[in-house]
Amino acid sequence: MIVPRETLLQALSHLGVLIDETAIERLDRYAEMLIDYNTRVNLTAIIEPAEIAVKHFADSLTVLAAVDIPQGARCIDVGTGAGFPGLVLLIARPDLKWTLLDSTQKKLRFIQDVLNALGLHADVVHARAEELGRRPDYREQFDFVTARAVAAMDTLCEYCLPFTRIGGIFAAMKGPDAENELQAARPAVSRLGGGKIAFHHFTLGESAERNILTVEKTSHTPPKYPRPSAQIAKRKIGS
Ligand code: SAM
């Protein structure tokens, strides 16, 4: 193994998340491929195996400590990059049906290679969230929607809530500034069909503070959302 097993298991036990032996082996192969690819394609700044274990793998798995995702749920990771958190969550929960979405093709090639190497399946989609979210085969079709390190909360709501079905959950992975981001995003949450919001707080490793904001989808997203990229950048919802 290249990922230090104890480091990974300790971080997971701290979170109260259990994964099986197959998942541990798959994560290790994933880390190996990430480090190798990263010498040719810039995927991540985190390349030390122990750091990958905590800052990519355990961090992605905080989602399972925050949300009880139903068996067989249809899920999407918006702006998945090199697969965080969606590919890690698929490895931990192979019952889930994942769509891994990104606007950068080279990252998706890496993801497809990892899926092939691990014998796993996901729909790997090259598109922009604000365009895909208007398509009827994606709009309000997902039980669970997540994203890490993609955009500020108000923009992220416009990317993610259109994908969430009524009764589904959108989980935004955020850092220490989550509370302020949420305050700025409250008008967007309600305009886009979001209802009850919950905060889940985690400490990773020694001191890194992480937050997951979960938003329940309670009403349909109005047809005018998501707006084209230029409009999203220009004008905040509610301003
Ligand atoms: N989620 C991964 C992580 O935490 O390591 C990647 C984070 S990276 C900083 C942001 C990713 O979001 C990039 O891969 C970028 O291509 C993608 N992205 C940004 N805006 C997007 C959009 N509107 N639609 C789809 N992907 C987007």
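See the structure printed just above.
Residues numbered from 1 in each chain as written. Predicted model: local features only at pLDDT ≥ 70, side-chain atom pairs only at ≥ 80, totals over all residues. Heavy atoms only, no water.

Student: Would you explain the packing of helix 1 (residues 5-15) against helix 3 (residues 49-66) in this entry?
Tutor: Two quantities define a packed helix pair, namely the angle between the helix axes and the distance between the axes. Here helix 1 crosses helix 3 at 25°, and the two axes come no closer than 9 Å. With respect to their mutual orientation, helix 1 and helix 3 come out roughly parallel. Along this stretch, helix 1 crosses helix 3, giving a crossing that reads as right-handed. Counted together, Thr7, Leu8, Ala11, Leu12 and Leu15 of helix 1 and Ala50, Ala53, Val54, Phe57, Ala58, Leu61, Thr62 and Ala65 of helix 3 form the full contact between these two elements. Looking at side-chain class alone, the contact of helix 1 with helix 3 contains eleven nonpolar, two polar and no charged residues. (Axes fitted to C-alpha atoms, helices over the stretch in contact; angles between N-to-C directions. Helix = DSSP H or I, 4+ residues; strand = E, 2+ residues; numbered from the N terminus. Parallel < 35°, antiparallel > 145°, perpendicular 65-115°, else oblique. Left-handed = near helix turned anticlockwise from the far one by under 90°. Contact = heavy atoms within 4.5 Å. Nonpolar A, V, L, I, M, F, W, Y, C, P; charged D, E, K, R; others polar.)

Student: Where do I start with the sheet that holds strand 4 (residues 142-148) in this structure?
Tutor: Neighbouring strands of a sheet are bound in pairs by backbone hydrogen bonds; such pairs are parallel or else antiparallel. With respect to topology, seven strands assemble into an open sheet ordered 3-2-1-4-5-7-6, the strand pairing being mixed. The open sheet has two free edges, formed respectively by strand 3 (123-126) and strand 6 (194-204), since each of these has just one partner strand. Adjacent strand axes in the sheet meet at a mean angle of 20° when their direction is disregarded. Two elements, strand 5 (residues 164-174) and strand 7 (residues 208-217), share six bridges in a ladder whose sense is antiparallel. (Pairing = 2+ DSSP bridges.)

Student: Would you take a moment to explain the pairing of strand 3 for this structure?
Tutor: Where a strand is regular, its side chains alternate between the two sheet faces. As defined by bridge partners, strand 2 (residues 97-102) adjoins strand 3 across four bridges and the pair is classed as parallel. Within strand 3, the position partnered with Leu100 by the bridge is Val124. Handedness of the crossover joining strand 2 and strand 3 through helix 5 (residues 105-118) is recorded here as right-handed. (Right-handed = clockwise from strand over helix to strand, strands pointing away.)

Student: Explanation requested: the pattern of salt bridges in the structure shown.
Tutor: Oppositely charged side chains can pair when the atoms bearing their charge come close. The full count for this structure, using the stated rule, is 14 salt bridges. Between Arg93 and Asp95 there is a salt bridge; the shortest N-O distance is 2.8 Å. On the accessibility criterion, Arg93 (16% relative accessible area) is buried. Owing to a relative accessible area of 23%, Asp95 belongs among the partly exposed residues under this scheme. Between Arg165 and Asp143 there is a salt bridge, with the nearest N and O atoms lying 2.5 Å from each other. With a gap of 22 residues between them, Arg165 in strand 5 and Asp143 in strand 4 connect regions that are remote in the sequence. Sharing partners across several salt bridges, the network here consists of Asp59, Arg148 and Arg210. (Salt bridge = Lys/Arg side-chain N within 4 Å of Asp/Glu carboxyl O. Buried < 20%, exposed > 50% of the residue type's maximum accessible area, 1.4 Å probe, protein only.)

Note that every value here comes from positions in space, so none of it alone points to a role or purpose.
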